[in-house]
Amino acid sequence: MMPTPTATPPDVTTFDRLESQVRSYSRAMPRLFNRAQGAWMEDAQGGRYLDLLSGCSSLNYGHNHPVLKQALLDYIAADGIAHSLDLHTAAKQAFLVELERTILVPRGLSYRAMFTGPTGTNAVEAALKLARKVTGRQHVIAFTNGFHGMTLGSLACTGNAGKRDGAGVPLNHVSHEPFDGYYGPDIDTADLLDQRLSDPSSGLDQPAAILVEAVQGEGGLNVASADWLRKIADIAKRHGALLILDDIQAGCGRTGGFFSFEEAGIIPDIVTLAKSLSGMGLPFALALLRPELDQWRPGEHNGTFRGNCHAFVTATAALRHFWRDSAFEQTVRQRADLLGRRLHAIAAPYGDQIRVKGRGMMQGIDVGSGEVATRITAAAFARGLIIETSGAHDEVVKVLAPLTITEAELSQGLLILEQCVAMVMAPRFSAAAE
């Protein structure tokens, strides 16, 4: 199948009249979408679009995967409970059993599951609060270009000035230390952090937690090396801080293994998950805690939507269908190899003007300019390809294809991307060469 985009935008006066100006994706992709399946979306005018955005990695298994959809339909048809606060339900029990059996035990992990609310920022807020409660400290170390959410605690840990400016109040008790590679390949920023924490005159308070992403999604596909992550984990332990690994975008298979930190061989104190955890795009967030850290009093941290049983059902189906053996993981790695090869081929003609970034099925191209990247993604959308930008200046064109995408579909999308890059970059490259 080929993308067949609709040429003209729909009537959006209802949205202009009634919806807040804060909306963003709909401005870059002004169509009225009404159906989706697998890697494809359709608009109300019959246009078809190949989706390499996947709900910002909330749809790792594609749109409306038939196995997950059927599990949900069966549950609803049987009058299964939809909302349950934090009551015991059969749907929650099934999820916990499957999580332990399929994900935790095979990886040698022992965690308690804390259901925090519907979104990733809820999981991060809970993790931060627990770290401060357990350690008795206030300070948190986050990293440059990190993104952790839009509520105040998570936002304080987020680096992007445009996001932080919306807070309206000071964002305190967090310092932003340089991420791996921030000063280039010759400076080990983990060593710098250790030096500062070890120096009582550095001015850096001892932290309750170190909050880190193994791959920074919104920050521009910056990858932490396994060695660097191991150093950060060791630093946290030696300095009495909890290591919080934010796996909200990079987890659930996006970088190959179920967790993005697996290749580093570390065991974080707390892991935050959301986005593709439900498998169907249903709101579902989770904080995984080492058992000895589970020091909450009953109700000390709660929320109305901690019992989304529909999400429990689809999450259980996703774990059972995709993760009980290694076949899916192997397929994801094959697709990631294809993605990396094709992106390097796209970048090659332009020398140092384009470089490939990321890991696994979380890769993209840094074109050096937000204006250039936006022109590329706009040209792609005009050809029926849904793709977005990321990075401090929106300079990275980021590919977040469904992990279930076929080789043919992925190749088709990357061919469109290659054509759009050539259209935008060729005049600039020729001018630079003169």
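Use the structure listed above.
Positions within a chain are numbered from 1, following the residues in the order the chain's sequence is written. With the structure being a predicted model, the display of local features is reserved for residues of pLDDT at least 70 and the display and counting of side-chain atom pairs for 80 or more, all residues being used for whole-chain, interface and lining totals. Side-chain calculation: all heavy atoms of the structure are included, whereas hydrogens and water are not.

Novice: Looking at this structure, I do not really get the overall build of the protein chain. What am I missing?
Specialist: Strands are runs of DSSP state E lasting at least two residues, helices are runs of H or I lasting at least four, and both sets are numbered from the N terminus onward. For the protein chain, the count of helices and strands is 14 helices and 17 strands. Overall, the C-alpha framework of the protein chain stretches about 60 × 55 × 45 Å when taken along its three principal axes. Among the 434 residues that make up the protein chain, the fraction classed as buried is 53%. Contact between two residues is taken to exist if any of their heavy atoms lie within 4.5 Å; hydrogens are not considered. Of the contacts formed within the protein chain by residues at least 6 apart in sequence, a portion of 74% connects residues at least 24 apart. For the accessible areas, the method is Shrake-Rupley and the probe is 1.4 Å, while residue cover comes only from the protein chains on display. Within the structure as shown, the protein chain displays about 18900 Å² of accessible surface, and the carbon and sulfur contribution to it stands at 53%. Each residue is placed in one exposure class: buried if its accessible area under a 1.4 Å probe, protein chains only, is under 20% of its type's maximum, exposed if it is over 50%, and partly exposed if it falls in between.

Novice: Can you walk me through the sheet that holds strand β13 (residues 355-359) in this structure?
Specialist: Strands belonging to one sheet form pairs held by backbone hydrogen bonds; the direction of such a pair is parallel or antiparallel. If you walk across this open sheet you meet the four strands as β13-β14-β17-β16, and the pairing is antiparallel. Of all the strands in the sheet, just β13 and β16 (388-390) have a single pairing partner and so form its edges. Neighbour-to-neighbour, the strand axes of this sheet turn through a mean angle of 35°, independent of strand direction. We treat two strands as partners when DSSP finds at least two bridges between them. The pairing of strand β14 (residues 362-366) with strand β17 (residues 396-399) spans four bridges and is classified as antiparallel. What sits directly across from Gln363, in β17, is Val399. Relative to the sheet, helix α12 (residues 327-347) contacts β13, β14 and β17, its axis offset from that of β14 by approximately 5°. Interaxial angle, 0 to 180 degrees, is taken between N-to-C directions of lines fitted to C-alpha atoms, where a helix line uses only the stretch in contact.

Novice: Looking at this model, I keep getting lost on unusual backbone geometry. Mind explaining?
Specialist: For residues besides glycine, phi is generally negative; the peptide bonds are generally trans as well. At His173, a position not held by glycine, the phi torsion is positive, near 65°. Within the element layout of this structure, His173 appears in the loop between α8 (161-164) and β6 (174-177). Despite not being glycine, Leu221 has its phi angle at roughly 60°, a positive value. Positionally, Leu221 belongs in the loop between β8 (215-216) and β9 (222-223).

Novice: Quick question: what am I supposed to make of the sheet that holds strand β2 (residues 40-43) here?
Specialist: The strand order across the open sheet built from four strands is β1-β2-β3-β15, with neighbouring strands paired in mixed fashion. With one partner strand each, in any of the chains shown, β1 (33-37) and β15 (385-386) form the two edges of the open sheet. Relative to β15, strand β3 (residues 48-51) is paired through two bridges, and the arrangement is parallel. Bridging from a neighbouring strand, Leu50 pairs with Leu385 of β15.

Novice: Explain the nonpolar core to me, please; I cannot follow it from the model alone.
Specialist: Note that soluble globular proteins tend to have their nonpolar side chains buried in a common cluster. Side-chain atoms within 4.5 Å link the members of a nonpolar core, which is a set of buried Ala, Val, Leu, Ile, Met, Phe, Trp, Tyr and Cys residues. Of all hydrophobic cores here, the largest spans 93 residues; its most connected members are Phe95, Ile210 and Leu417. Looking at this core element by element, the count peaks at ten residues for helix α11 (residues 309-323). Residues Met114, Leu242, Ile248 and Trp296 belong to the second largest nonpolar core, which totals 29 residues.

Novice: Please clarify how the packing of aromatic side chains should be interpreted in this entry.
Specialist: Each aromatic ring pair is summarised here by two numbers: the centre-to-centre distance and the angle between the ring planes. Ring pairs shown here join Phe, Tyr and Trp side chains whose ring centres sit within 6.5 Å, with only the six-membered ring taken for Trp; geometry is labelled stacked below 30 degrees between planes, edge-to-face above 60, and tilted in between. Applying the stated criterion to the full structure yields 19 aromatic pairs. Relative to Phe312, the ring of Phe115 lies with its centre 5.2 Å away and its plane at 65°, an arrangement referred to as edge-to-face. Here the residue Phe115 occupies a position in strand β4 (residues 112-117), and Phe312 occupies one in helix α11, the gap between them amounting to 197 residues. Judged by relative accessible area, Phe312 falls into the buried class, the value being 0%. When the centroid spacing of 5.3 Å and the interplanar angle of 75° are considered together, the rings of Phe284 and Phe312 count as edge-to-face. Separated by 28 residues along the polypeptide, Phe284 in the loop between β11 (270-273) and β12 (285-289) and Phe312 in helix α11 bring together distant segments of the chain. Take Phe284 and Phe312: they sit in the same class, and that class is buried.

Novice: Hey, could you run me through the environment of Gly299 in this one?
Specialist: Within the element layout of this structure, Gly299 appears in the loop between β12 and α11. Residues Gly299 and Asp86, 213 residues apart in the sequence, show an inter-C-alpha distance of 9.8 Å.

Novice: Just to check I follow, could you spell out the side chain of Thr272 for this structure?
Specialist: Tracing the backbone shows Thr272 in strand β11. Judged by relative accessible area, which is 0%, Thr272 ranks as buried. The residues touching Thr272, leaving out its near neighbours within four places in the chain, are Ala123, Val124, Ala127, Ile244, Leu245, Asp246, Asp247, Ile248 and Leu286.

Novice: Help me understand the packing of helix α4 (residues 66-77) against α11 in this model?
Specialist: The angle between the axes and the distance between the axes are what describe a pair of packed helices. Where α4 contacts α11, the axes come no closer than 9 Å and their chain directions differ by 140°. Overall, the two elements α4 and α11 adopt an arrangement that is oblique. Between α4 and α11 lies a crossing whose hand is right-handed. Of the residues in α11, those touching α4 at Val67, Leu68, Ala71, Leu72, Tyr75 and Ile76 are Cys309, His310, Val313, Thr314, Ala317, Ala318 and His321. Roughly parallel means an angle under 35 degrees; roughly antiparallel means over 145; roughly perpendicular covers 65 to 115; every other angle is labelled oblique. In this scheme the crossing of two helices becomes right-handed for a clockwise turn of the near helix relative to the far one and left-handed for an anticlockwise turn of less than a right angle.

Novice: Please explain the pairing of β14 as it appears in this structure.
Specialist: Moving residue by residue along a regular strand, the side chains alternate between the two faces of the sheet. The element β14 is largely enclosed, with a buried count of five among its five residues. On β14, burial covers both faces: Met362, Gly364 and Asp366 on one face and Gln363 and Ile365 on the other are all buried. In the sheet, β13 pairs with β14 via five bridges, with the strands oriented antiparallel. Residue pairing for β14: Lys357 is matched across the bridge by Gly364. Counted between consecutive antiparallel strands, the loop separating β13 from β14 contains two residues, among which Gly360 sits at a positive phi close to 65°.

Novice: What should I look at first to understand the packing of helix α5 (residues 90-104) against α11 in this one?
Specialist: Orientation of α5 relative to α11, taken along the N-to-C sense of each, is 25°, at an axis distance of 8 Å. As the angle between them shows, α5 and α11 are arranged roughly parallel. In the packing of α5 onto α11, the handedness of the crossing is left-handed. In this structure, α5 uses Ala91, Lys92, Ala94, Phe95, Glu98, Leu99, Thr102 and Ile103 to contact α11, whose residues at the interface are Cys309, Phe312, Val313, Ala315, Thr316, Leu319, Arg320 and Trp323.

Novice: Can you help me understand the pattern of salt bridges in this one?
Specialist: Any two side chains of opposite charge can pair if their charged atoms end up close together. For this analysis, a salt bridge means a side-chain nitrogen from Lys or Arg found within 4 Å of a carboxyl oxygen belonging to Asp or Glu. According to the stated counting rule, one finds 25 salt bridges in the structure shown. Here Asp234 and Arg238 are joined by a salt bridge, their closest N and O atoms 2.7 Å apart. Here Asp234 pairs with Arg238, and both are found in helix α10 (residues 226-238), just four residues apart, close to one helical turn. Assessed through its relative accessible area of 37%, Asp234 is described here as partly exposed. The network of salt bridges with shared partners includes Arg35, Glu42 and Arg48.

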